Every structure is written in structure tokens, then in C-alpha cells.
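What follows is the residue order along each chain.
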Amino acid sequence: MTDALLQVDDLRVTFAIGGREVRAVDGISFTVSPGATLAIIGESGSGKTVSCRAIMGLLPAGTAIGGSARLRGTELLGLSDAELRKHRGSDLAMVFQDPARSLNPTMRIGLQITEAITTHRKVSKREAQTQAIELLRLVRMPAAERRFHEYPHQLSGGMRQRVMIAIALACRPKVLIADEATTALDVTTQAQIMELLLDLQQELDMALIMISHDLGLAASYADEVIVMYAGKIVEQAPAAGLFGAGGAVRMRYTRALLDAIPHVERSAHTQLPVVSGRPPDPTALPPGCSFAPRCQYAEDDCLAKVPALAEHVPGHRWACWHPCENGGAA
Amino acid sequence: MRIMALVQQTQHQQVEPGARDRARRVAGSPALRMVGRRLLAAIPVLIGVTLLTFAIMSALPNDTAQAILGLRASPSAVAALNHTLGLDQPFWQRYWNWLVNVLHGNLGTSIEGQSVNHELALHVPTTLGLLLYALVASVVLAIIVATLAARKPNGIADRISLAVSMLGLSIAPYAFAFLLIIVFAVKLGWFPVLSGAVTGPASFFKNLTLPAAAIGFGLFAIYTRILRADMVEQMQREDYIVTAKAKGVAPWRVLIRHALRNSMFTLITIIGLNLGGLVGAAAIIETIFQVQGIGNDLLTGISNHDVPLVEGITLFFALVTVFGSLFADIAYAVLDPRIRYGSSTS
Amino acid sequence: MVAPLPDITLASPHPPPLPSLVNARRLRTQRIGRALRLWVPAGVLILILAICFLLPLVVTLPSATSGNIIYNNEPPFSPGHLLGTDVQGVDIFSQLVYGGQVAFEVGISVTVIGIAIGGTLGVIAAYFGGWVDAVISRVFDILIAFPALVLALVIAEGLGPSEMHVIWALAVFGIPAVGRVARGATLTIRGLPFMTAARLAGTRRWRIIARHIVPNIMPNIVTFSLLGLGIIIILEGALDFLGYGIPAPTPSWGNMISRGQQILSVQPEYVLIPSIALLITVAALNMLGDALRERWGAQ
């Protein structure tokens with residue numbers, strides 16, 4: 001068994017909004033091995049983004065963060081900002097959702113890439129420029145030398161996202177977190193960027209954490225999948241254990257997400273089984289299972305007690321009082 | 001900053017991407033077109049300004065001839081001089097004559113007998129020096145203070161900057177001038193009460209520091225407030241700031257290299273918009289300190305009913321304001337890469 | 001004397017805090033702070049207005065225009081003279097009070113004229129667009145291109161010193177200033193969906209303007225006018241100071257400063273007292289404008 005690269009234990013993030021406590025992340029644990037791909041799936045407000053930002057130290061100062069997140073044994077959560085900055089951008093990098101807004105519009109992209117390099121390494125401007133152009137080539141940016149001097153608005157969405165990836169890869173991170181990295185792109189570009197990320201992952205022997213609301217993406221690309229709801233992990237398993245032949249989705253929420261994916265094979269003019277209702281208000285979580293109010297199969301005990309996340313089957317954890325019997329194929 | 005957004009909207013709304021690409025590449029860079037557009041738009045304003053200046057002057061009781069000849073002159077002599085000076089011609093005729101003269105660079109003769117051009121040439125450098133001093137000092141200080149304040153919103157530096165800038169916005173420049181005189185000239189004696197002639201760098205700073213401070217304090221206040229607000233807003237709401245932090249860039253560098261950089265554009269526009277007030281304040285401050293600039297001349301001219309002189313100086317001030325804001329517009333267009341380089345070239 | 005700018009000038013110094021930093025106690029402190037920022041300047045203004053306009057009705061103040069030269073240069077707190085007397089024996093406190101009356105009369109008149117004429121023109125320009133907008137905007141641009149003080153000076157001097165003339169002279173500046181704000185605000189609103197809905201529903205033009213546009217631009221106009229009022233008062237003071245505003249025997253803060261100029265080095269209080277009055281008044285107006293913008297801000 002390989003040593004865990006990133007080990008997260010009982011991570012908790014609490015905000016205080018309007019005088020009330022909001023548990024954005026309520027005790028999640030996971031492990032990422034080198035070279036592995038982890039997908040964290042959830043709706044908006046499930047806590048998926050907040051948890052990764054907490055690990056990166058990108059949450060506003062004063063947010064209450066508890067638990068542990070160890071990168072190669074180094075505890076990240078207690079570190080001062082100055083200490084954390086040494087890891088941020090070098091060992092641990094992040095790619096964000098909207099490349100149009102995530103790049104400084106008045107700075108040439110080359111400069112934005114070299115900034116990532118020079119922040120962590122002492123190299124000359126010339127050397128940094130060479131490395132940056134190399135990075136642009138690595139992310140398959142056509143005409144890399146020319147693009148180096150251009151501004152973000154001169155690039156298309158897909159190209160901007162490549163720049164973001166180049167920035168993230170500047171110091172050969174061990175873990176790359178892609179937070180909805182393809183959500184703002186059109187479908188074709190999405191596929192291109194995902195392929196790029198996976199190739200890079202292999203080339204650089206990097207661990208990849210994919211944050212998304214798209215279960216299909218997880219099915220296609222991930223080794224391991226975590227499904228989050230209302231701040232908690234509700235299902236956690238290797239992808240093979242969930243999708244495809246022999247896979248069995250257990251938690252009702254995951255099942256509902258899968259069912260909501262439109263299939264070509266489905267007969268036309270039938271209603272799409274979307275998940276009814278909306279994610280719960282984090283300041284007013286229901287007493288029992290957070291998903292119960294929206295679950296078709298909810299029973300009384302679901303509403304009364306919170307199901308614990310337990311490893312019912314080796315390698316496969318879920319938190320549900322009445323899980324699916326036959327998960328069925330994706 | 002709604003109005004800011006509106007100003008930007010009206011400035012940028014004519015940059016059409018896509019279909020006009022080919023034509024645009026032929027016509028030259030988008031920045032050039034924008035500059036051209038601005039210049040064209042400024043022309044009616046310039047014409048209007050000259051017309052208004054002249055109209056106001058004409059509407060006022062014009063006793064130039066009387067003033068020249070003195071109170072004892074006979075009415076017929078006054079009438080004769082009026083005729084010679086062309087002052088009894090119809091309005092549009094006089095306006096046209098005057099405009100033609102102006103375009104030839106001739107601003108007429110003051111009642112003292114000297115050419116207005118000469119007066120201006122003599123004193124404009126002093127006024128310009130004073131204005132530049134005030135402007136540069138206030139911008140530099142504003143950048144420093146706003147950056148310190150934006151580093152920690154609601155922190156100590158921030159609260160102090162807000163209090164000081166509120167003071168700067170609320171105090172009348174002439175009142176502040178007297179305060180400065182009382183403290184720095186009378187009590188401390190660091191600067192002279194009245195400004196002497198400016199002959200070199202030493203006398204420049206000695207004589208013009210207090211007047212520049214009187215003018216600049218209000219400017220400093222405005223610039224500081226706007227810069228600070230702009231930077232804080234960026235730091236809190238913009239995604240590229242998060243990206244910069246995610247790279248591991250230290251907070252000060254994020255603030256300066258990303259937020260401040262973008263705020264400079266806003267600053268340029270504000271400077272341009274505020275020039276009218278700058279010039280107005282200069283006039284009164286020059287009088288208080290007896291700086292030998294054209295502001296002082298203006299007031300003297302007004303009290304002497306020296307219409308040609310007042311006309312000339314007023315026109316000069318108005319033109320400076322129009323060109324100043326035009327320049328700011330152009331600078332913005334030239335520096336903002338989104339305008340300079342147009343849209344995607346993929 | 002800089003042109004009052006809308007939102008930009010005093011862009012809210014108090015941006016709304018991020019959710020994570022707000023907890024119960026901080027929330028309360030912030031609410032108290034916000035209330036104070038609104039009511040303290042408002043209270044100060046009400047106090048000033050009361051002193052200037054109500055006090056003379058209740059208490060007989062010594063004359064503000066003439067004084068007994070025997071009792072000149074009396075220090076503050078002398079019997080019968082709260083703040084003492086000036087070089088000519090005229091009571092200083094009375095001068096402040098009546099000078100304040102003048103300042104507010106001029107300021108409010110100009111503001112009202114500005115809103116009435118400038119506001120209307122601005123809304124019309126934005127609403128009808130086309131050449132109407134082009135013409136009105138050009139006129140505004142031309143008037144604003146003039147340094148305010150210079151314009152006001154020339155007009156006031158030409159018309160002769162009197163309160164009415166000062167008002168008109170300053171109005172020439174106030175009208176385009178308010179006009180631009182009104183125009184900008186109307187433009188913003190014009191594009192909003194509910195405006196299209198109203199038009200499609202067949203609402204008559206004037207109704208649209210009255211019931212939809214005006215209430216929505218009022219916050220902008222009000223906050224701008226408060227800041228503008230401060231600037232007008234300062235400008236009016238400048239005119240008086242230079243001698244082209246309110247004529248000599250009638251008291252005004254600018255006149256007081258001007259007269260005090262002569263003996264600045266020996267007795268600075270003659271300049272300082274009216275200056276402080278100006279400062280407090282304008283600061284209160286600015287802070288109130290800030291606070292109101294904060295309250296009505298996030299639109």
C-alpha cells in the first residue's frame with residue numbers, strides 16, 4: 001500500500017453567519033495516493049469547494065477550521081499563512097472554475113505564469129520565461145511563444161483554462177485540485193481539458209482531486225469517488241465499485257444523481273427523474289439524515305437519526321439507513 | 001461605483017468585436033480609433049466652451065472703453081473708442097472676430113495695454129508648476145495611504161485614512177490655507193506667509209509648498225477614498241485575487257501587483273474628471289498666498305473689469321479642463337490592454 | 001473646491017463584511033456603528049440648523065451687522081458676547097448664526113434648483129435618448145468643463161453682489177452636476193427588465209417617469225445632493241471671501257474669514273471660528289451622505 005500523499009481526517013469548517021453557526025464541512029476524511037484521481041461530487045453548498053479551500057488555506061481569516069490535513073506528513077491546518085504559502089502553489093495547486101475571471105485582465109499571461117514560478121524559486125527572469133513557455137507547451141497551447149505576451153481577453157475560454165493549468169503546474173505540484181475546472185467550458189473543450197489533465201497527471205505523477213457536480217465526469221475519469229451532501233460524505237468508494245458492471249451505488253442520493261443523468265437509451269417523452277427539492281439551508285439542517293426530506297425512500301428512522309458513514313463492504317462506505325439493494329449499472 | 005461602471009460603459013460600448021475585425025485591422029489599432037472618437041466628440045464641447053465664455057463676457061456690463069479712458073472721459077470719446085474696439089458690433093460678429101483671433105493665438109489686449117498673451121506667458125508656468133506639484137504630491141500620497149489602508153480593511157491604518165480623508169473632503173481649501181499659514185508660516189516659520197518669486201528648485205518648494213498643500217489636501221482625500229475602496233473591493237470579490245493567493249504570492253504583493261495595478265485605471269479617470277475643481281481652487285489659493293500665477297491675474301482682472309484679460313484666462317482654464325479630461329480618457333484607452341489589443345485573435 | 005462626484009467620490013468606505021467574519025456580537029457592534037454614522041451627523045446638522053434658524057427667534061442676539069467699536073476684540077465668553085466681538089465690535093456668534101442662515105439658504109436653493117431643472121433635464125435626456133440626449137449632454141459637458149469657481153465668479157461679479165445672484169451663479173454649476181447624476185441613474189434603470197415590462201403594458205410615459213424612474217433614482221440624487229450641498233456651501237464661502245458674494249454688512253462665513261485675514265498672525269481666531277463652522281457643517285453633510293449611501297447602497 002502506497003503512502004498516502006494527502007491525508008484528511010475529520011475536517012470541519014464552520015462559519016458564523018448572522019449569529020448562527022454554519023457547518024459548511026462537517027467531519028470528512030479521505031486519503032489521496034500519489035498519482036491517483038479522486039472525484040468529489042456534490043451540489044452547490046455541499047461543502048466540496050470549501051473543504052479544498054480550507055486545505056489550501058484560501059478561506060477568509062478567522063474561519064473556524066478543525067481536524068487534520070496532512071500533506072506527506074506535514075500538518076497543513078495549523079500553519080501560519082507564511083508557512084502555508086510555501087506549499088501553496090508549489091506542492092499543492094488549484095485550478096478554478098471561471099478562467100475569464102480568474103486571470104488578471106491587465107496582466108500578460110506570461111507574467112501571471114512566471115509569477116507562480118518566481119514566488120517559489122529563485123530564478124532569473126529569462127529562466128522563468130523559458131520555463132513558462134515550456135509550461136504552455138506542456139498544456140498544449142498553440143503558438144506558445146506568442147501567447148506568452150498576450151492578455152487573457154485575447155484568448156478563448158479553453159486556452160485560458162490551459163493557462164490556469166500551466167500556472168498550477170508551475171512548480172510541479174504533488175497534488176492538483178481542479179475545482180469545477182471544466183464547468184464553464186463547452187462540451188468539446190471540456191473533454192479536451194479533462195484529457196489534458198489526465199495526461200499531465202500521468203506525465204508528472206501527480207495526484208488529482210476533481211471537484212464537480214457531474215457524476216458522469218467522475219465515472220469517466222476518477223479512480224475513487226466521494227459524494228458529499230450538506231457538509232458530510234454520504235458515499236465513498238473506488239469508481240469501479242460504483243459504476244459499470246459489478247458496480248453498486250448504495251446511498252440514495254448517489255442513486256438519484258445517477259438516475260438524473262439523461263440517457264440516450266431512455267425512451268423519449270418520459271419525465272427526467274430529477275432530484276426534487278433543493279439542498280438544505282446550512283443554518284437549519286434537519287435532525288436526521290440531511291437528504292431525507294428529498295428522498296423518495298425515506299422512512300421514519302431516516303428523519304430521526306443521522307446515519308453514520310460506515311464501511312459496510314470493504315472499500316465502500318456509505319451513510320444510509322435504507323440503501324439501494326441492487327445498485328445497478330451506471 | 002455605479003457611475004464608474006456607467007462611464008466605462010459609455011466609453012467601451014462602441015468597441016464592437018467580430019464582424020468589423022477586418023476593417024479594424026485596416027483602420028489601425030482600436031486604441032487609435034478610440035482616441036480619434038474622443039477627439040471628435042470633444043470638438044463640439046470646445047466650440048461650446050468658447051461660445052459660452054464669450055457670451056458670458058458679453059452679457060456683463062462691458063465698460064472696457066470707459067475703464068481705459070477713465071471716469072472723466074466724455075461719452076462721445078467713450079463711444080468713439082467703443083467703435084474702434086468694435087464693441088458696438090452685433091454679438092455674432094464680435095464672437096466671430098474674437099474666435100478668429102483666438103485661433104490665431106491672439107487673445108487681445110488687456111486694458112492695461114499689454115497683450116493678454118504676454119500676461120499669460122508670464123504667469124502660466126507658475127500656475128502650472130503649482131498645479132503639478134499639488135497633483136503629483138496628492139497622487140503619490142494617496143497611493144501610499146490607500147495601499148496601507150486596504151491591506152487591512154477596518155484596521156488602524158484604514159480608520160485613520162478614512163478620518164483624514166473625510167477631513168480633506170470637508171474642509172474648504174481657503175480655510176485650510178489659513179490653517180497652514182497659521183501653523184507652518186506664523187508659528188513654525190518653515191515657509192513664508194506670502195509666496196515670493198519662483199526662480200529655481202529651492203524657491204519653488206519654499207514658496208509653493210503651502211499653496212500646493214492647500215490645493216492638494218482635497219484631492220488627496222478623494223483619490224485615497226476611491227483607491228482604497230477599489231482595492232478592497234478587488235481583494236474581496238475578484239477571482240484573480242484568489243488565483244494569486246493560490247499561487248502562494250504574499251499578501252502585500254497580491255495587493256500591489258494585482259489590486260493596485262488595476263485601480264490605477266480608476267484613478268486616471270478620477271483625475272481627469274476632477275480637473276475643473278483643481279483649477280478653480282488654484283485661483284483662490286493663488287490670491288491668498290499672492291502666488292504670481294494666472295489665477296491671481298484672473299481675480300485682479302475681474303475686479304478691474306478687464307474683460308479681455310478675464311476672457312483669455314477663463315478660456316485658458318476651460319481649455320485646460322477639457323484637454324485634461326480628454327488626456328485622461330486617452331491615457332486610459334491606451335493603457336487598458338482590453339482596449340488596446342481588442343478581442344480574441346484566435 | 002472639487003466637483004462633487006456621485007458614488008465614485010465617496011465610494012462606500014464600509015463594504016459589507018464577508019459572511020464568515022460575522023458573529024452575533026460583531027453584528028451588533030456593526031449595527032450600532034452604522035446607526036451612529038447615520039444619526040450623529042444628522043443630529044449635528046439638525047442642531048446647526050436649529051441654532052441658525054430657530055435660535056434667533058427665541059433669543060435676542062446682538063446685531064450681526066453693526067457693533068460698538070468701543071467693545072471690539074472682546075474675547076469669548078465676555079458678557080453679552082458668547083464668542084466675543086471682532087475688530088469692529090460686531091458680535092461673532094451672531095455673525096456665525098446669520099452667516100449660517102445665508103449658507104443654508106444659498107445651498108438649499110441651489111440644490112433645489114439643481115434637482116428641479118438639472119434632474120428633470122437629466123431624466124429626459126436619458127429617457128428619450130437620441131438627439132435630445134445628445135444636445136442636453138453636450139450642454140452639461142460644456143458647463144461642467146468650466147471650473148466651477150471661475151464660472152460662478154464671473155457671473156456673480158457681472159450681476160453684482162447679492163444673495164440671489166450668488167444663487168443663480170452657483171446654480172449654473174449645480175444644474176449640470178445633478179443632471180449628470182440623474183441621467184446616469186436613469187440610464188441604469190432604463191435597461192432593467194421591469195422598465196420594459198411597464199412599457200409593454202402600455203403605461204403612459206409620464207406615469208412611467210413619475211412612478212418608476214423617479215422613486216428609483218431618488219436615493220442617488222439625495223446622496224449626491226448632500227455632498228453637493230457641502231460643496232455649494234464651500235463655493236459660496238469662496239465667493240463671499242473674494243468679495244463677490246454677499247455684500248459687506250450682511251454677515252457670511254466667507255466675509256468673516258476675509259476680514260479676519262488681516263490680523264491672521266495676531267488673532268487667528270477670527271479666521272478659525274468661521275472656518276471651523278464651515279468644517280463641521282460640511283463634514284456633517286458628507287458623513288450623512290456617506291451613511292445614507294451605505295444604507296441604500298447595494299442596489
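A quick note: this is a predicted structure, and the numbers were derived from the prediction, not measured.

Peer 1: Help me understand the overall build of chain A in this model?
Peer 2: Each helix and strand counted, chain A has 12 helices and 12 strands in total. The C-alpha radius of gyration computed for chain A amounts to 21 Å, which stays within 12% of the reference 20 Å derived for 330 residues, consistent with globular compactness. Along the first, second and third principal axes, the C-alpha set of chain A runs to 65 × 50 × 45 Å. When each of the 330 residues of chain A is scored for burial, the buried share is 45%.

Peer 1: What should I look at first to understand the overall build of chain C in this one?
Peer 2: Helix and strand counts for chain C stand at nine helices and zero strands. For chain C, the sequential pattern of α-helices and β-strands runs α-α-α-α-α-α-α-α-α. In chain C, which comprises 299 residues, the proportion classed as buried is 48%.

Peer 1: Which parts of the structure should I look at to understand the environment of Ser-162 of chain C?
Peer 2: Residue and element names in this part refer to chain C. Among the structural elements, Ser-162 can be located in the loop between helix H4 (148–159) and helix H5 (163–190). On the basis of neighbour counts, which here come to 14 C-beta atoms within 10 Å, the residue Ser-162 falls in the partly exposed class. Residues Ser-162 and Ile-124, 38 residues apart in the sequence, show an inter-C-alpha distance of 32 Å.

Peer 1: So what exactly am I meant to see when it comes to the sheet that holds strand S10 (residues 232–238) of chain A here?
Peer 2: Adjacent strands of a sheet pair through backbone hydrogen bonds, lying either parallel or antiparallel. Residue and element names in this part refer to chain A. Pairing within the open sheet is mixed, and its eight strands lie in the order S6-S7-S8-S3-S9-S10-S12-S11. The sheet is open, and its two edges are formed by strand S6 (92–95) and strand S11 (310–313), each paired on a single side. Averaged over all adjacent pairs, the angle separating strand axes in this sheet is 25°, with direction ignored. Alignment of strand S3 (residues 37–41) against strand S8 (residues 207–212), held across five bridges, turns out to be parallel. Looking across to S8, one finds that Thr-37 is bridged to Leu-208.

Peer 1: Can you walk me through the packing of helix H8 (residues 253–261) of chain C against helix H9 (residues 269–296) of chain C in this structure?
Peer 2: How two helices sit against one another is set out by the angle between their axes and by the gap between those axes. All names here are of chain C. At a minimum axis separation of 7 Å, H8 and H9 run at an interaxial angle of 155°. Compared by their axis directions, H8 and H9 come out roughly antiparallel. Where H8 crosses over H9, the handedness of that crossing is left-handed. Two secondary-structure elements touch here, H8 through Trp-253, Met-256, Ile-257, Arg-259, Gly-260 and Gln-261 and H9 through Tyr-270, Val-271, Pro-274, Ser-275, Ala-277 and Leu-278. In the contact of H8 with H9, the residues fall into eight nonpolar, three polar and one charged.

Peer 1: Even after reading the chapter, I still don't get the pairing of S11 of chain A, so can you show me in this structure?
Peer 2: Remember that side chains alternate between the two faces of the sheet whenever the strand is regular. Taken together, the three bridges between S11 of chain A and strand S12 (residues 316–318) of chain A define a ladder with antiparallel strand orientation. Within S12 of chain A, the residue paired with Val-313 of chain A across the bridge is His-316 of chain A.

Peer 1: It is not clear to me how the packing of helix H13 (residues 275–289) of chain B against helix H14 (residues 294–303) of chain B should be interpreted in this structure. Could you clarify?
Peer 2: All names here are of chain B. For the pair H13 and H14, the least separation of the axes is 7 Å and the interaxial angle reads 85°. By the angle class used here, H13 and H14 are roughly perpendicular. Here Ala-282, Ala-283, Glu-286 and Thr-287 of H13 come into contact with H14, specifically with Gly-295, Asn-296, Leu-298 and Leu-299. Class assignment for the residues of the contact of H13 with H14 results in four nonpolar, three polar and one charged.

Peer 1: For this particular structure, what's the right way to read helix H10 (residues 201–237) of chain B?
Peer 2: Since the α-helix turns once every 3.6 residues, residues separated by three or four places project in the same direction. All names here are of chain B. Relative to the 54 Å expected for 37 residues at 1.5 Å per residue, H10 spans just 45 Å between its end C-alpha atoms, considerably shorter than the ideal helical length. Its maximal kink placed at Leu-208, H10 deviates by approximately 50°, while the proline Pro-211 follows within four residues. Taking burial as the measure, the 37 residues of H10 include 28 buried ones, the bulk of the element.

Peer 1: Honestly, the environment of Met-235 of chain B in this entry has me stumped. Any pointers?
Peer 2: Residues and elements named next belong to chain B. Secondary-structure assignment places Met-235 in helix H10. For Met-235, a count of 21 C-beta atoms within 10 Å gives the class buried. Contacts of Met-235, omitting those with residues within four sequence positions, involve Ala-150, Ile-241, Leu-255 and Ala-259.

Peer 1: How should the nonpolar core be read in this particular structure?
Peer 2: The nonpolar side chains of a soluble globular protein tend to be buried, and buried together. Counting residues in each nonpolar core, the largest one holds 258 residues, and the members touching the most others are Ile-209 of chain A together with Ala-152 and Leu-170 of chain C. Excluding residues that lie within four positions of it along the chain, Leu-170 of chain C makes contacts with Val-106, Val-110, Ala-152, Ile-232, Leu-235 and Glu-236 of chain C.

Peer 1: Would you take a moment to explain the environment of Asn-286 of chain C for this structure?
Peer 2: Residues and elements named next belong to chain C. With respect to the helices and strands, Asn-286 occurs in helix H9. With 24 C-beta atoms packed within 10 Å, Asn-286 lands in the buried category. On a C-alpha basis, the gap between Asn-286 and Cys-52 in space is 19 Å, while along the polypeptide they are 234 residues apart.

Peer 1: Looking at this model, I keep getting lost on H8 of chain C. Mind explaining?
Peer 2: Most of H8 of chain C sits out of view: eight of its nine residues are buried. Every buried residue of H8 of chain C is accounted for by Trp-253, Gly-254, Asn-255, Met-256, Ile-257, Ser-258, Arg-259 and Gly-260 of chain C.

Peer 1: I tried to follow the confidence of the model for chain C on my own but got confused; where do I start?
Peer 2: Residues and elements named next belong to chain C. The predicted model of chain C has a mean per-residue pLDDT of 81, with 88% of residues at 70 or higher. Element-level pLDDT for chain C is lowest in helix H6 (residues 193–200), with a mean of 75, against a maximum mean of 92 in H9. Counted against residues more than four places away or in other chains, residues 1–22, with its pLDDT under 50, gives 85 contacts. The ipTM assigned to the predicted complex is 0.85, against a pTM of 0.84.

Peer 1: Whenever I open this one, unusual backbone geometry confuses me. Can you help?
Peer 2: Generally, phi is negative for residues other than glycine and the peptide bonds are trans, each holding for most cases. The phi torsion at Arg-140 of chain A lies on the positive side, around 60°, for a residue other than glycine. You can see Arg-140 of chain A is positioned in the loop between helix H5 (125–138) and helix H6 (144–148). By C-beta crowding, Arg-140 of chain A is classed as partly exposed, having 16 other C-beta atoms within 10 Å. Of note, the phi angle at Asn-154 of chain B is positive, near 70°, even though the residue is not glycine. For Asn-154 of chain B, a count of 17 C-beta atoms within 10 Å translates into the label partly exposed.

Criteria and cut-off values
Residues numbered from 1 in each chain as written. Chains lettered and ligands numbered in written order. Predicted model: local features only at pLDDT ≥ 70, side-chain atom pairs only at ≥ 80, totals over all residues. Helix = DSSP H or I, 4+ residues; strand = E, 2+ residues; numbered from the N terminus. Rg over C-alpha atoms; globule rule 2.2 N^0.38 Å. Buried ≥ 20, exposed ≤ 12 C-beta atoms within 10 Å, placed from the backbone. Pairing = 2+ DSSP bridges. Axes fitted to C-alpha atoms, helices over the stretch in contact; angles between N-to-C directions. Parallel < 35°, antiparallel > 145°, perpendicular 65-115°, else oblique. Left-handed = near helix turned anticlockwise from the far one by under 90°. Contact = placed C-beta atoms within 7 Å. Nonpolar A, V, L, I, M, F, W, Y, C, P; charged D, E, K, R; others polar. Expected span 1.5 Å × (residues − 1). Bend = angle between axes of the 7 residues up to and from the residue. Core = buried A, V, L, I, M, F, W, Y, C linked by C-beta atoms within 7 Å. pLDDT = per-residue confidence, 0-100.

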